[in-house]
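Structural characterization, general
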Amino acid sequence: MRTRLVILDMGGVIARNVQVDPELTHFLGFPQSSLKDVHKALWLPMQALCAGLIDEAEFWDLFGLWTGKDPKAPTDGLFCQFFHPSLDEAALQVVGKLRSQGMRVVCGTNVIPSHFTYHQRHHQYDCFDAVYSSPQLHENKPSPAFYLGICEKEGVEPDAVFFADDSEQNVEAAKGLGMHAYLYTDAKQLESALRQENILH
């Protein structure tokens, strides 16, 4: 089937410097470089936060319960305090080429709500025709419901979708649904893959 939709991840594809965990855990006084390594019980609340099922205040309440530390988060939240993403110009150019040729390009992203708001406020999603985030869909990649939710909203079948992500797990999940899925490494390789698929001319 002819490709009708391109879905791109945000962090690691379009955006750089999106990881906050190393600075955040250091700020909180933990030697680990990832929150999920601070306490194994934090993995589920992180997933719930990303899916928009709990808010940041609820997450930090659970964090305090499991670690015994009160982070005393500022008004904007600790997650945004260390969030300073930048956009990859080469990747943006690929998106621009796709859209100039009439291809619909959307973002499919796992993101916590405050980071979603940051991207919006700084117009970092403006390169896309639409954005589908985990808090909006109440699902996280690699859940099939995440991908199928986008397909339903866009009115396309999975085999009419080209999907690119920097997570192998997310790419394999997309392939399992019949999408043309590509593991992102850099913009040059992405453009080459799109040309091989006859999506970009």
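Scroll up a little and you will see the structure.
I will try to describe carefully the structure that is included in this document. (Residues numbered from 1 in each chain as written. Predicted model: local features only at pLDDT ≥ 70, side-chain atom pairs only at ≥ 80, totals over all residues. Heavy atoms only, no water.)

**Focus on the packing of aromatic side chains**
Where we set the bar: Only Phe, Tyr and Trp rings are paired, with Trp represented by its six-membered ring, and only when their centres lie within 6.5 Å; those with planes under 30 degrees apart are stacked, over 60 edge-to-face, the remainder tilted. A helix here means a DSSP run of H or I that spans at least four residues, while a strand means a run of E at least two residues long, and both kinds are numbered starting from the N terminus. The rule is simple: take the accessible area with a 1.4 Å probe, protein chains only, and divide by the maximum for that residue type; under 20% is buried, over 50% is exposed, in between is partly exposed. Either the NZ atom of lysine or the CZ atom of arginine qualifies as a charge over a ring when it sits within 6 Å of the ring centre and within 35 degrees of the ring normal.
Enumeration over the complete set of coordinates arrives at twelve aromatic pairs. Measuring from ring centre to ring centre gives 5.6 Å for F59 and F79, while their planes differ by 55 degrees; the resulting arrangement is tilted. Here F59, found in helix α4 (residues 56-67), pairs with F79, found in helix α5 (residues 78-81); they are 20 residues apart in sequence, far enough to count as distant. A residue is classified by how much of its surface remains accessible, and F59, at 0% relative accessible area, is buried. Through pairs of rings, three or more aromatic residues link up here, namely F30, F59, W60, F63 and F79. Taking the ring centre of F30 as reference, the NZ or CZ of K69 above it sits at 4.7 Å.

**A look at the packing of helix α3 (residues 43-50) against α4**
Formally: Axis definition: a line fitted to C-alpha atoms, limited for helices to the stretch in contact. Angles are taken between N-to-C directions and run from 0 to 180 degrees. The labels follow the angle: roughly parallel below 35 degrees, roughly antiparallel above 145, roughly perpendicular from 65 to 115, and oblique for the rest. Throughout, a contact is declared for two residues whenever any of their heavy atoms are within 4.5 Å. In the scheme used here, Gly and all other residues not listed as nonpolar or charged are polar, with Ala, Val, Leu, Ile, Met, Phe, Trp, Tyr, Cys and Pro taken as nonpolar and Asp, Glu, Lys and Arg as charged.
The interhelical angle for the contact between α3 and α4, taken along N-to-C directions, is 175 degrees, at an axis separation of 10 Å. Considering their axes alone, α3 and α4 lie roughly antiparallel with respect to each other. Facing P45, M46 and L49 of α3, the residues of α4 in contact are E56, F59 and L62. The residue makeup of the contact of α3 with α4, split by class, is five nonpolar, no polar and one charged.

**A look at the packing of helix α6 (residues 89-100) against helix α11 (residues 187-196)**
What counts is decided by this rule: Left-handed describes a crossing in which the near helix is turned anticlockwise from the far one by less than a right angle; the clockwise case is right-handed.
Where α6 contacts α11, the two axes come as close as 8 Å, and the packing angle between them is 20 degrees. Accordingly, the angle class assigned to the pair α6 and α11 is roughly parallel. Between α6 and α11 lies a crossing whose hand is right-handed. In this structure, α6 contributes A90, A91, V94, K97 and L98 to the contact, and α11 contributes A187, L190, E191, L194 and R195. For the contact of α6 with α11, the residue count by class is seven nonpolar, no polar and three charged.

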